[in-house]
Structure formats: C-alpha cells, structure tokens
Amino acid sequence: MSTYSLNIPWVESPFFEQELEQAGYDPETEALIRQYAEDGYVVFDPEVDETVFDEVRNGLKDQFQTQNTNRIQDAWEYNEAVKKIAAAPRVLEVLKLLYRREPIPFQTLNFKAGSQQRTHSDSIHFNSIPERFLAGVWVALEDVHDGNGPLHYYPKSHKLPFYDLSILGLKGSTSTSIEEMLSKYYTRYEDFIAELVAKKKLEKKVLNLKKGQAMIWSANLLHGGEPISQAGSTRFTQVNHYYFSGCAYYRPMLTDMAIERISIQKVTNIATGQEVKSQYLDKPIDHVGYSYKVYLPSALMRSLVPSGVRQWVKQMIDK
C-alpha cells in the first residue's frame, strides 16, 4: 500500500494501480473498479425489483401532468418507491466499494422524458472538500434508446480539472440564489464546456439501457441528454446524487473560495432521514450557507483584546 493516506477517492489516486493489486478482489470486482477508475463510469444491475420502477412511474404520473413539468426534484420526501431506488442496498454497496467511504444519497431527480440537457459536469452544481467525493447514479425506469433522448457522456473526461465559475471571470457569491445564478450565467458555462469538448476532441458515447439497468458516473464526468427524435416518447428515469462521509459539502455556483465565501450545503441522508453535517479534516462545520466574519485592524485588536485572550481563542479555533 502507499505510504500516504490521501484524502481523495482511491480510484483517482496516483497510487491506484498499486492499491488495486494489493486489494485482492475477485476478477469481476477488479474489472468493475478498474473501468470506473479509467473511464469515470460503470453500468451495473442495481438489483431493485421491477415493480418498484412501476410504482415510481405510476406514483408521479399525475404530478408530471398537473405541474406540466418533465423533472421532479426530491420526490423521495413523499414517494417511498423513489426512496427505495436511491437507497438500494446494492447501489450503496457498489458506491462504497468505489470510494471506500459511506455513501450519502442526498438528492433525487425524476424525469418523464429525455432532459436534452447540454453537456456539463455535476461538480459545477455540487462539490466536496476534499474534491470529487460525489457520484451520480442514473437508473432506467423503462427502456432507453436512440429515439427517446438517451444520456450522452465522454469517457475519461472525469480526469480533466474541475472548472468553476472563476475561470470565466464570474463571482458565484454575488448571486442570491441558485436560480439567479443559473439564469444569469449558466449558459456561459455550457458554452465553455462545449468548446472544451471540441478542442480536446473528446470521444462521445450514447447510453442505451434496458429497464432496470443503472450507470454510476464520477463527479467530474462530462455528460448530458441527447435530442428526442421520436416526438412524444417517454423516457422515465431517476437520477440520484451521492456524497460520501467525512467531507465538507458546498455549492460551487454560489462560492468564491479566495474571498472565503463558501456556500455550505444542507445535506440530508435519504437512507436515514438524518442531516449530515459538513466537516473539514474531522472538524465539524456547524453552519449551512455562508459563515460571516468581521475583520478588525490588527492594531485595534491588540488594543481591545489582551494577548492572553487572543492566544486562548486561537487555540480553541485550531482544535
């Protein structure tokens, strides 16, 4: 094993090959882990009973219609079948195998038809400190084919750097909400990713799945939705997002690291219903949203606060 215990997913570690060789997995498990490490995704059987998929479709059918929407977020809060898929034991088992940390399902998205969403990385919407402890699981609730808007993705793109809004000259923390940020700036991010894909000559693949199959993708894998060529066709799918234990969880589109404006995300574990507190190197972070600090001139601080008190406060903060 490596001399260093690195605070990154082991599938993205520079010592991955050595660790995999020494882990002693059976050939099938080793192949699954290796593909995920090399390509940033893997297709697998989530081992969810087919009746659960039908329960989701039937349970959300009226909501799709009455709200005139193609996407329902966090239906797990009131639909037990959605929750079962997000917290399926086999899904959690595979995620724990790939990340060697406890997975935390925290969001569900249900679609009636293809999203036709432009190429993006999930890391722009959710991220962790340390980076890349995030995964998406895309589950086909019916057969997905070329006509009904399948997923597209770019193998190995997860190895690219994480590009936040600052590279586009944008301040995330100036927006008051995710909705404001999306309406103002998200198209510029999508345009950048489209140009990046073209310049890097990344290979595009399209994912056709049978009902009941699932795909796990890495935090930074570039992906999106293909056009719907068969008008009126459905493509019932469920996307689940997972963080992993022992991290700080934040929203990059509302964050500016350099000026200490980090939007800590409130995370609820779908499997347990309990809130999961962010932490940094085992130190709990007790707030969500922004923390606010007031900086006073050092000369004023020295005159107002005795040296002994300042040293005590520093020791308490550093614990």
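Residues numbered from 1 in each chain as written. Predicted model: local features only at pLDDT ≥ 70, side-chain atom pairs only at ≥ 80, totals over all residues. Heavy atoms only, no water.

### Overview of helix α5 (residues 89-99)
To be explicit about the condition: Burial classes: relative accessible area under 20% of the type maximum marks a residue as buried, over 50% as exposed, and values in between as partly exposed (1.4 Å probe, protein chains only). The way it works is that DSSP assigns letters per residue, a run of H or I at least four long becomes a helix, a run of E at least two long becomes a strand, and they are numbered from the N terminus. Taken from the helix axis, the directions to the C-beta atoms give the arc we talk about.
Residues of α5 that are buried: V91, L92, V94, L95, L98 and Y99. Down the axis of α5, the sector holding all buried residues measures 165 degrees, keeping them to one side. Just downstream of α5 lies R100, where phi reads positive at about 55 degrees.

### Details of helix α6 (residues 178-200)
Short version of the rule: Fitting axes to the seven residues ending at a residue and to the seven starting there, one defines the bend at that residue as the angle between these axes.
At Y185, α6 is deflected by roughly 55 degrees, the largest bend along its length. Following α6 by one or two positions, K201 adopts a phi angle in the positive range, close to 55 degrees.

### With respect to the packing of aromatic side chains
Going by this rule: Each Phe, Tyr or Trp ring (for Trp, its six-membered ring) is paired with any other whose centre lies within 6.5 Å, and the angle between the two planes then decides the class: stacked below 30 degrees, edge-to-face above 60, tilted in between. In this scheme, Lys NZ or Arg CZ marks a charge over a ring once it lies within 6 Å of the ring centre and within 35 degrees of the ring normal.
Counted under the stated rule, the structure contains 13 aromatic pairs. An angle of 70 degrees between the planes, with centres 6.0 Å apart, marks the rings of Y36 and Y99 as edge-to-face. Taken together, the positions of Y36 in helix α2 (residues 27-39) and Y99 in helix α5 put the pair 63 residues apart, joining distant regions of the chain. Both residues of the pair, Y36 and Y99, count as buried. Taking the centre distance of 6.4 Å and the plane angle of 55 degrees together, the rings of Y99 and F133 count as tilted. Of this pair, Y99 sits in helix α5 while F133 sits in the loop between β4 (127-129) and β5 (134-140), placing them 34 residues apart in sequence. Neither Y99 nor F133 differs from the other in exposure class; each is buried. Pairwise contacts between aromatic rings join Y36, Y99, F133 and F244 into one cluster. Over the face of the ring belonging to F111 we find R235, whose NZ or CZ atom lies 5.8 Å from the ring centre.

### Focus on the sheet that holds strand β3 (residues 103-111)
Backbone-to-backbone hydrogen bonds pair the strands of a sheet. The strands run either parallel or antiparallel. For clarity, the cut-off: At least two DSSP bridges between two strands are needed for those strands to be called paired. Structural elements are reduced to axes, namely lines fitted to C-alpha atoms, with helices fitted over the stretch in contact, and the angle between N-to-C directions of any two is expressed from 0 to 180 degrees. By definition, residues are in contact when any of their heavy atoms lie within 4.5 Å.
The strand order across the open sheet formed by 6 strands is β1-β8-β5-β10-β3-β2, and the pairing between neighbours is antiparallel. Each edge of the sheet is formed by a strand with only one pairing partner; in this case those strands are β1 (41-44) and β2 (71-73). Here the strands of the sheet are splayed against their neighbours by 20 degrees on average, with no regard to which way each runs. For β5 and strand β8 (residues 214-218), the ladder comprises 5 bridges, and the chain directions are antiparallel. Looking at β8, one finds that A135 is bridged to S218. Contacts from α2 reach β1, β5 and β8 within the one sheet, and its direction differs from that of β1 by about 140 degrees.

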